[in-house]
Amino acid sequence: MLQNRFDPKTAEPRLYAQWEAAGAFAPKDDPNAEAFSIVIPPPNVTGSLHIGHALNNTLQDVLARFERMRGKAVLWLPGTDHAGIATQMVVERMLAAEGGPGRRDMGRDAFVERVWKWKAESSGTIQNQLRRLGASCDWSRERFTLDEGLSAAVRKVFVQLYKEGLIYRDKRLVNWDPHFQTAISDLEVLQPTVDGAYYHFAYPLADGPVGEVTEVVVATTRPETMLGDTAVAVHPTDERYQGLIGKLLAHPITGRKIPIVADEYADPEKGSGAVKITPAHDFNDFQVGKRHGLEMINIFDAYARLNDEVPTEFAGMDRFDARRAITAKMEELGLLRGIEKTRHAVPHGDRSGVVIEPFLTDQWYVNAEVLAQPAIKAVETGDMAFVPKNWEKTYFEWMRNIEPWCVSRQLWWGHRIPAWYGPDGHVFVEETEEAVRAAARAHYGSDVELRQDEDVLDTWFSSALWPFSTMGWPEETSDLKRFYPTHTLVTGFDIIFFWVARMMMMGLHFMDDVPFKRVFINALVRDASGQKMSKSKGNVMDPLELVDELGADALRFTMTAMSGAARDIKLSKQRIEGYRNFGTKLWNAARFCQMNECVRVEGFDPAEVKSTLNRWIRGETVKTAEAVTKALEACAFDDAAASLYRFIWNVFCDWYLELAKPVLNGEDEAAKAETRAMAAWVLDQCLKLLHPVMPFLTEELWAELAAFGGPKRGSMLIVADWPALPQAWIDAEAEAEIGWLVDLVTDVRSIRSEMNVPPSARAPIVLVGANAVTRERLARHRDLIVTLARASDVKEADAVPAGAAPFAAGEATGALSIAEFIDLVAERARLAKEIGVLDGDIEKTRKKLDNPDFVARAKEEVVEENRERLAEAEEAKAKLQSALARLEAVA
RNA sequence: GGGCGGCUAGCUCAGCGGUAGAGCGGCUGGUUUACACCCAGUAGGUCGGGGGUUCGAUCCCCUCGCCGCCCACCA
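Residues numbered from 1 in each chain as written. Chains lettered and ligands numbered in written order. Predicted model: local features only at pLDDT ≥ 70, side-chain atom pairs only at ≥ 80, totals over all residues. Heavy atoms only, no water.

1. Things to note about the environment of glutamate 700
In plain terms, the rule: Secondary structure elements are defined from DSSP: runs of H or I of at least 4 residues count as helices, runs of E of at least 2 residues count as strands, and each element is numbered from the N terminus. For every residue, the accessible area obtained with a 1.4 Å probe (protein chains only) is divided by the maximum for its type, and the residue is called buried under 20%, exposed over 50%, and partly exposed between those limits. Contacts are assigned to residue pairs with any non-hydrogen atoms lying within 4.5 Å of each other.
Looking at the element boundaries, glutamate 700 is found in helix 23 (residues 695–708). Classification of glutamate 700 as buried rests on a relative accessible area of 9%. A sequence separation of 16 residues divides glutamate 700 from methionine 716, and the C-alpha atoms of the two residues are 9.6 Å apart. Apart from the residues within four sequence positions on either side, glutamate 700 is in contact with Phe6, Ala11, Arg14, Leu15 and Trp587.

2. Considerations on the pattern of salt bridges
Here is the rule: By convention in these notes, a salt bridge is any Lys or Arg side-chain nitrogen within 4 Å of a carboxyl oxygen on Asp or Glu.
Inspection of the entire model under this criterion finds 46 salt bridges. One salt bridge in this structure joins glutamate 148 and arginine 155, with 3.0 Å as the shortest N-O distance. The salt bridge partner of glutamate 434 is arginine 437, with a shortest N-O separation of 4.0 Å. Taken as a pair, glutamate 434 and arginine 437 lie in helix 12 (residues 433–444) at a separation of three residues, close to a single helical turn. What makes glutamate 434 exposed here is its relative accessible area of 52%. A relative accessible area of 39% places arginine 437 in the partly exposed class. Here the salt bridges do not stand alone but share partners, grouping Glu34, Glu67, Arg70, Lys72 and Glu633 into one network.

3. Considering the nonpolar core
The line we're drawing: The definition of a nonpolar core used throughout is a set of buried Ala, Val, Leu, Ile, Met, Phe, Trp, Tyr and Cys residues joined through side-chain atoms within 4.5 Å.
Counting 184 residues, the largest nonpolar core has Phe386, Tyr395, Met399, Phe461, Met504 and Met506 as the members making the most contacts within it. If sequence neighbours within four positions are ignored, methionine 506 has contacts with Val157, Leu161, Trp405, Phe461, Ala464, Leu465, Phe468 and Met511.

4. Section: the pairing of strand 16 (residues 357–366)
The side chains of a regular strand alternate, first on one face of the sheet and then on the other. Worth spelling out the cut-off: Pairing between two strands requires that DSSP report at least two bridges joining them.
Counting buried positions over the 10 residues of strand 16 gives nine, a clear majority of the element. With 10 bridges joining them, strand 5 (residues 167–177) and strand 16 adopt antiparallel strand pairing. What sits directly across from arginine 172, in strand 16, is threonine 361.

5. Description of the sheet that holds strand 20 (residues 419–421)
The condition is simple: Angles run from 0 to 180 degrees between N-to-C directions of axes, and those axes are lines fitted to C-alpha atoms, restricted for helices to the stretch in contact.
In spatial order, the strands read 21-20-22; together these three strands make up an open sheet with antiparallel pairing. Each edge of the open sheet carries a strand with a single partner, namely strand 21 (427–429) and strand 22 (451–452). Bridge count for strand 20 against strand 22 is two bridges, and the pairing is antiparallel. Counterpart to tryptophan 420 in the pairing with strand 22 is glutamine 452. Packing against the sheet, helix 12 makes contact with strand 20 and strand 21, and its axis sits at approximately 140° to strand 21.

6. So, unusual backbone geometry
Cis geometry marks the peptide bond from valine 387 to proline 388; its omega dihedral reads -5°. As for its position among the elements, proline 388 is in the loop between strand 17 (385–387) and helix 11 (391–400). In this model, tyrosine 484 is joined to proline 485 through a cis peptide bond whose omega is 0°. Examined against the element boundaries, proline 485 turns out to sit in the loop between helix 15 (478–483) and strand 24 (486–492). Unusually for a residue other than glycine, glutamate 597 sits at a positive phi of about 55°. Along the chain, glutamate 597 falls in the loop between helix 19 (573–595) and helix 20 (612–633). Relative accessible area serves as the criterion here: at 48%, glutamate 597 is assigned to the partly exposed category. Phi angles above zero are rare outside glycine, and cysteine 635 is one such case at about 60°. Within the fold, cysteine 635 resides in the loop between helix 20 and helix 21 (637–664).

Right under this line is the structure:
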């Protein structure tokens, strides 16, 4: 016999080990089986599982388990990402904490070795945490972005794109992170609004006044960059400056003479209408500088300290110190025309958190615009679909305005760029050193010394190849043939640009096919204040603690049930407890079945069941199986969870098992046998349907019930057949019959409560003015009603008996057609007349009933209520008829 | 500036043209041998405001207001 609770702590590791040992996570060999593949969004190799992973991986696992049970050859391919900047940051922090030599002191090789060591120590954490969640990925195929195979794929892609002209080296402004001393992509730049100020500076005219004018006032939020100014721009049509265009200004600090240029970029509406131009330190100014052939003076070093291009009094100064120093200097010179406080957006590095500098450097770029075209088209034509569909708008918007992708990073942890430079700076891009040497030999006619590019690639470059690099590309492996393209990608909207878009570009370019047919965008799990959870903010909820306390199944069900949220999921522990209770409820239902010897019967055919109750639950099971199947096919995880919850708790437990009790305790052996077999069958269906969401508890019950009796199980539940039940098993007559019974019992319970009938007291139920159908039904279900409604007896009467308390019966509600609605209102009025209840035994109520005023008033209420309802129905009918008439008139 | 979400019971959320829902919390009752991680009952909402379409609007349209996210820009 089952214990009265499921014990996740001991069962989960045991069951997971059994699945793994049975090889259940590997795609089945059957060549005829349809392939279904998912690649995991690779978490950081050194990371640990956060609540967002729990959501994302639960949904993937639900799909994987569902499709596996449907007989497909399922591959869920796991792996991890080297996460260049994030990992390097972690290790550097560790080095700092240890107080030993830092990254630069160690040198590149020693540092990279140190990172590998840290990777060896900490990797495996997240994999084990995924196991705790129940993730059924095929660990035998696990990949890491820096594996040799994946690295070879990266080199091949880089080289090919280079030779196709889609990767190139360019000197332009990049987003420079002075903390890491590396370029980062536009996507890695955040734009928080911070306090700042406009500093109004006057620049005197170099060659004396022009008319009355002796100076031009400009405003800036970044005084420190003024040392790199090489012009001041005004709008070509700005009347105020017509006479000044082409004149020179004397730079107040450097003394450099800088021209006043006419450029549309200057907005006459803003400030004085004149704007200082610092081409090497501002993206807009860079464009202006190019248009006017201005000198581009870089005044920062890699740490964003002022370099030797500036007067010695400022050289070496930090940029923020420089801001104060320069403002002070301008004031001293009498050229500060005011400081105006403001709030404005300032670029910050998403990892480092420091202010990003536009910085003039040589970097490698991917021509994203060309690669984006097929990726846009694939979504337009439906070759790849977003679920929910809305997200395609976001995708299109970005893809259609895509900028060159800066892929080089001045880091040490990552894929080193396969480019080498000859003594004269000539670039050779090849997959291997041998190939490079050969190319160089061909170019120079002899062997020369080559120097490899110091930079590594953006982490997302290798991630972009993930769906095919993990399957062995560029080798033509059987996995690649069978499992590419993948079926569904499950990921968060925060990486649509970073990852989804780039996988689309690379997949289409190199595989000539989309990397996935569908992408399900899951919500972001946020903390109580709606903030995105992140390690750096320290507001992370630990899913492992929740698993420890409430079990993986409870957390998984919660994630599934809440996955419908459009944007945010705010997680509450109470909710998880509620779903833990749901698991326990099913567990106890199974226990009840055991106690009542509801054992599975060999060859039992639900099509053959006779009793109304069994025919009814059969239909309900069919409907649930259908609803869950449809929901999971459509990634409507929340709908699937809701259907399961309602069916198992509110239908199977609350009504079927309750209604089965009198049968199971009765004398009719045939009915008893049928009900036992049926209960066992329905329970099995519950286990199957719930398994993708709650794999542990269901697998445990699957085994426990088999051990208890009945035919031997053909397999573990994880690979059992998904219920595909015939529509014909839905029995309308049984549905109507049980529906009636449920309504009646519900009404009687409600009335008993209103009349303060204690649960221990048994009151007779009297049917007043019952028609033939009702009488027949009542006769048929007398025992059930007596049990469930705690009646002492069930009687019929043609008229209201003296002392009867009349009441209006309720009825089930649901989605109704217009016609049904009218019928319902009429039916309600009819029902109200039909059923009455006589309260017995209870002194309090008897007193009420003995009071003729009470009875008379109650009767009047019923009559009045019915009148109102009939009037409502008539009114609705009249309105409809007029609407119909108008429609017909139009038609 | 452009785009996208959200605003429904005390809390967390579902519903998205047909008599306002769930879970949790509240209240009342419960020694019904599957389950107190339970059972039965019950209170609590003018579905953010205002217009419009409709026989009928929480749901569709317009508009306003908060809250939040994304993109772009900011001298």
